[in-house]
Amino acid sequence: MIVTSASDFRAEYSPQKYPPRHAATARGAFLVAPASTELAIESGQDNAYMASDTTIDLARACAQHDALALALGPDVPVALFAGRPDCPDGMFPNNVFATVRDRLIIGRMRHAVRQREARRDDIRRWFRDVLDYAELDLSQRDCVAELTGALVIDRARGIGYCGLSERCDLAGARAMHAAFGLRLSFAFPLARGEYHTNVVLAVLAGRAALLAPSGFADPADAEAIAAVYGNGAVLLDEAQKAAFAANAIALAPQRVWMSQRAAAALAPAQYLALARHGFAVGAVPLDEIEKAGGSLRCCVAEIF
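Throughout what follows, the structure given in this document is the object of discussion. Owing to the predicted nature of the structure, the values given are computational and were not obtained by experimental measurement.

## Here we look at unusual backbone geometry
Peptide bonds are, in most cases, trans, and in most cases residues other than glycine have a negative phi.
Reasoning step 1: Residue L147 is not a glycine yet carries a positive backbone phi of 45°.
Reasoning step 2: Within the chain, A205 stands out as a residue other than glycine whose phi angle is a positive 55°.
Reasoning step 3: The residue A205 is located in the loop between β10 (201-204) and β11 (208-211) in this model.

Okay, structure coming up:
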């Protein structure tokens, strides 16, 4: 079922109807290394988080990315693919590639510079020939569907939260709902200027959520999602959102990862709220990578 209003979502959702019954966290992850000193100009058309009039210090970005891969290793096995200079946003693979058990999903990207990433045969072959995953390719569909950038999934409950923007339309939301085999999807408009849901919302192992209400066009939508997680809903202000505090991920049940900048933006009470729900905070510096308009969650493609 797909709903498009907070009232319909509240009417449909109940803890009894949607209990946690699936794996809440991934069994692996893959990253794609930075490979360009240039920013993706096309992506900057609708990504307000991207730095303007700057270039990437590639050596520094690669060093930070390597440190991220090493840091995540104790939580999940991590595979690393080489980047390509003609794909400057390639270090954010979760928008293009995502998985459910035994299936690789390929997204329908808005911009041509990112559509090139979807054609990477090496990543497709790795899933097909090494992991024996089937492939579900949305990249030629008549929609926009930027996977787990636009769609934040509560994997435990089978619920998807899909923010509508230039990077995802309703047809894309429907395509992803089917591709991920979700039980319930809530599609809602993001606030003007927001491009991806995963910079305003993170669901952490089905037990907690980081939400920035200012990133939602209608505050009632944020309130309806927060109600699912009760006192595990940690609300973020505008400055914390801008610091990428919602661009976080739990790859293991006891830890949430975010960038050092994001972690520094959290207040002590927010750390305590996460701790009450069993989460330590892991952080790595990613300021060079963040110039490209994404942060830690964007760098991590999950393998289920």
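## Comments concerning the sheet that holds strand β9 (residues 184-189)
Reasoning step 1: Overall, mixed pairing links the four strands, which are arranged β1-β9-β8-β7 in an open sheet. Single-partner strands in this sheet number two, and they are β1 (2-3) and β7 (151-154).
Reasoning step 2: As paired elements, β1 and β9 share two bridges and run parallel to each other. For V3, the partnering residue across the bridge sits in β9 and is F186.
Reasoning step 3: Lying over the sheet, helix α7 (residues 219-229) contacts β7, β8 (159-164) and β9, oriented at roughly 145° with respect to β9.

## Observations concerning the side chain of D75
Reasoning step 1: Position of D75 among the secondary structure elements: in the loop between α2 (58-72) and β3 (78-81).
Reasoning step 2: Separated by 2.6 Å, the side chains of D75 and R255 make a polar contact.
Reasoning step 3: In contact with D75, other than residues within four places in its own chain, are L251, A252, R255 and W257.

## Looking at the pattern of salt bridges
Reasoning step 1: Summed over all chains, the structure comprises 21 salt bridges.
Reasoning step 2: Residues R114 and E117 are paired through a salt bridge, measuring 2.8 Å at the closest nitrogen-oxygen approach. Within this pair, R114 and its partner E117 are both found in helix α3 (residues 112-118), separated by three residues, close to a single helical turn.
Reasoning step 3: Residue E117 is classed as buried on the basis of its relative accessible area of 2%.
Reasoning step 4: D121 serves as the salt-bridge partner of R125, at 2.7 Å between the closest nitrogen and oxygen. Taken together, the residues R125 and D121, both in helix α4 (residues 121-130) and four residues apart, mark about one turn of the helix.
Reasoning step 5: Relative accessible area serves as the criterion here: at 40%, D121 is assigned to the partly exposed category.

## Describing the pairing of β8
Reasoning step 1: With respect to burial, β8 is a largely interior element, five of its six residues being buried.
Reasoning step 2: With four bridges joining them, β7 and β8 adopt antiparallel strand pairing. Each bridged residue has a counterpart across the sheet, and for V152 the counterpart in β8 is Y161.
Reasoning step 3: Linkage of β7 to β8, two consecutive antiparallel strands, is achieved through a turn of four residues, within which G158 is found at a positive phi near 75°.
Reasoning step 4: In this structure, β8 lies alongside β9, joined through six bridges in parallel fashion.

## Looking at the environment of F92
Reasoning step 1: Here F92 shows up in the loop between β3 and β4 (97-100).
Reasoning step 2: For the pair F92 and A233, spaced 141 residues apart in sequence, the C-alpha to C-alpha distance is 26 Å.
Reasoning step 3: When neighbours within four sequence positions are excluded, F92 is seen to be in contact with R114, E117, I289, A292, G294, S295, C298 and C299.

## Description of the environment of P213
Reasoning step 1: Assignment of secondary structure puts P213 in the loop between β11 and α7.
Reasoning step 2: Here the alpha-carbon distance between P213 and K241, two residues 28 residues apart in the chain, equals 9.3 Å.
Reasoning step 3: Excluding residues within four positions of it along the chain, P213 makes contact with A222, L235 and L236.

## Observations regarding the sheet that holds strand β16 (residues 301-303)
Reasoning step 1: Taken together, the three strands give an open sheet; going across it, the order is β3-β2-β16, and neighbouring strands pair in mixed fashion. Of all the strands in the sheet, the pair left with one neighbour each is β3 and β16. Looking at each pair of strands side by side, their axes are set apart by 25° on average, direction ignored.
Reasoning step 2: Bridge count between strand β2 (residues 28-32) and β3: four bridges; the pairing is parallel. By the bridge assignment for β3, V32 is matched with F81.
Reasoning step 3: Sheet strands touched by α4: β2, β3 and β16. Its angle to β3, the strand with the most contacts, is close to 150°.

## Re the side chain of T197
Reasoning step 1: Its place among the elements puts T197 in the loop between β9 and β10.
Reasoning step 2: Within the structure, the side chain of T197 is placed 2.9 Å from the backbone nitrogen of G163, a separation counted as a polar contact.
Reasoning step 3: Not counting chain neighbours up to four residues away, the residues in contact with T197 comprise G149, A150, L151, V152, Y161, C162, G163, F188 and L190.

Calculation criteria
- Residues numbered from 1 in each chain as written.
- Predicted model: local features only at pLDDT ≥ 70, side-chain atom pairs only at ≥ 80, totals over all residues.
- Heavy atoms only, no water.
- Helix = DSSP H or I, 4+ residues; strand = E, 2+ residues; numbered from the N terminus.
- Pairing = 2+ DSSP bridges.
- Contact = heavy atoms within 4.5 Å.
- Axes fitted to C-alpha atoms, helices over the stretch in contact; angles between N-to-C directions.
- Polar contact = N/O pair within 3.5 Å; in protein donor to acceptor, adjacent residues only side chain to side chain.
- Salt bridge = Lys/Arg side-chain N within 4 Å of Asp/Glu carboxyl O.
- Buried < 20%, exposed > 50% of the residue type's maximum accessible area, 1.4 Å probe, protein only.

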